[in-house]
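Commentary on secondary and tertiary structure
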Amino acid sequence: MARVVVLDYGSGNLRSAERALEHAGARVEVTSDHQRAFEADGLVVPGVGAFSACMRGLLEVGGDKVVDRRLNERRPVLGICVGMQILFERGVEHGVEAEGLGRWPGTVERLRSQPLPHMGWNTVSAPGDSALFAGFPPETRFYFVHSFAARDWPDAAPGPEGGEPPRLIRAEHGDSFLAAVEDGVLTATQFHPEKSGEAGIGLLRNWLGTL
Amino acid sequence: MAVAVRVIPCLDVDEGRVVKGVNFTDLVDAGDPVELARLYNGEGADELTFLDVTASSGDRETTYEVVRRTADQVFIPLTVGGGVRSTDDVDRLLRAGADKVSLNTAAVARPELLETASRRFGAQCVVLSVDARRVPEGGEPTASGFEVTTHGGRKGTGICAVGWAERAENLGVGEILLNSMDADGTKEGFDLEMIRAVRAAVRVPLIASGGAGDKHHFAPAVHAGADAVLAASVFHFGQLTIADVKDAMRAEGITVR
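Residues numbered from 1 in each chain as written. Chains lettered and ligands numbered in written order. Predicted model: local features only at pLDDT ≥ 70, side-chain atom pairs only at ≥ 80, totals over all residues. Heavy atoms only, no water.

Attention now goes to the overall build of chain B. Counting secondary structure elements, chain B contains 10 helices and 11 strands. Expressed along its principal axes, the backbone C-alpha trace of chain B runs to roughly 50 × 45 × 40 Å. For chain B, buried positions account for 60% of its 257 residues. Taking the contacts inside chain B whose residues are at least 6 apart along the sequence as the reference set, 62% of them involve residues at least 24 apart. By element, 47% of the accessible surface of chain B is carried by carbon and sulfur atoms, the whole surface being about 10,100 Å². In chain B, which carries 27 positive and 38 negative side-chain charges, the distance between the mean positions of the two groups comes to 3 Å. (Helix = DSSP H or I, 4+ residues; strand = E, 2+ residues; numbered from the N terminus. Buried < 20%, exposed > 50% of the residue type's maximum accessible area, 1.4 Å probe, protein only. Contact = heavy atoms within 4.5 Å. Areas by Shrake-Rupley, 256 points an atom, 1.4 Å probe, with all protein chains shown as cover. Lys, Arg positive; Asp, Glu negative; His and termini not counted. Charge placed at Lys NZ, Arg CZ, Asp CG, Glu CD.)

So this is what it looks like as structure tokens:
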């Protein structure tokens, strides 16, 4: 049974993430303890609210170091919602720029379409070789709730963690944005698998299967 | 593809038990909110809403327990409202496992509560619940002709419902639950005029509530501008299933899950 740590840095509905991962078949611990987070088979970085507030919370518990250390040793990490956004270089909210972890190139910006937040169940377009979305028909819907997202992945940028081009999974709400990225051991979803019913549990099971 | 229109059943919970409805013969305990939540999830509900109608605040501990048990077993979004008076109340509900918390009467009395909650927890989890009606004859007129009520629609406030929704959006709420007190309980359909008026004024998602009595009532609410539809009694009394409502909406060209 895969052992997973949900990183507790004061952000996100930790209880839901914990229970959904358990439901998907993991043994789960919610903690900010570095050693526990490093040793786990998989680390989940949740996150809700503002980009800058999440970054602040993450830095306060040294979560950036845990993520770095894991990725340097090729240990899997899954970011969820703002936990995905902070993997990019920067976030821009209300004209104010905040620095992200910079694992991925690009900027997290406010979506241009309405209504915002983009709230509800939407489809995604995943490539056929996706590990995360394996077995899902294209009409499968996942639960999103966010106003910000990474829209672009600079063409020239390789997948820093995978050594090969990352799989970019897109969704549309007026304009197109990144709904998920699979980059070697670093994976993230803009939507909430822990709130996406059976589809979400199946997706978490797929992720656990890669650990 | 576009985001699907959400269908949301609402459960009234009093001291940990579902009240009103519960007309389900195949459930062991139809008064158990968790059992009903699971049933609605199985039927394809896109979200769940619990309205805590517990009169005494001393008995609210049972509500937190219900939220905990539900969030542990049902993996779709859960909104909880009713009697939420402070950001600490919001915090406790979110910690118990609620994804969103709706504020109503307390926000009317202290609008700054919306701003504080939104700043602290994020706009995505703060819902403004508006109980609104047409200004009754002899009442103080409002700009839109609709006024906000409190105390379950019994007390008029003279506050313009559309203006209030706009203000709440500016204060940072992430969603508006618009409940028509005129339509509520009539089973004659949603108040489309009210939905249109609020839709024209706000950009956040809008949930229409009040008046659903037939599966054909839902599509017009969506065409009037609702992003989600909420109903209670038609579901609880087994009159309609979630699937009935979605099929009827799909037949009208609306995207559903």
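Turning next to the side chain of B:Arg199. All names here are of chain B. Here Arg199 lies in helix α7 (residues 192–201). Polar contacts involving the side chain of Arg199 include one to the main-chain carbonyl oxygen of Val202, which spans 3.0 Å. Not counting residues within four places of it along the chain, the set of residues in contact with Arg199 comprises Val204, Leu206, Ala224, Gly225 and Asp227. (Polar contact = N/O pair within 3.5 Å; in protein donor to acceptor, adjacent residues only side chain to side chain.)

Time to look at the interface of chain A and chain B. By a widely used convention, the size of an interface equals the accessible area lost when the partners come together. Taken together, the contacts link 28 residues of chain A with 31 residues of chain B. Note on chain A versus chain B: buried area summed over both sides is about 2,400 Å², and carbon and sulfur give 57% of it. Taken as a group, A:Met119, A:Trp121 and A:Arg141 account for 28% of the area that chain A buries against chain B, more than any other trio of residues on that side. Scanning the region where chain A abuts chain B turns up 3 salt bridges. Note that B:Asp72 and A:Arg15 form a salt bridge whose closest N and O atoms lie 3.0 Å from each other. Between chain A and chain B we count 11 residue pairs in polar contact (both at pLDDT 80 or more) in total. Looking at the side of chain A that touches chain B, the elements with two or more residues in it are α1 (14–23), β8 (118–123), β9 (141–146), β11 (167–173) and α6 (197–210) of chain A. At 6 residues, the largest contribution of residues to the side of chain A that touches chain B is made by β8(A). Split into classes, the residues belonging to the side of chain A that touches chain B amount to 10 nonpolar, 12 polar and 6 charged. (Buried area = accessible area lost by both parts, 1.4 Å probe. Salt bridge = Lys/Arg side-chain N within 4 Å of Asp/Glu carboxyl O. Nonpolar A, V, L, I, M, F, W, Y, C, P; charged D, E, K, R; others polar.)

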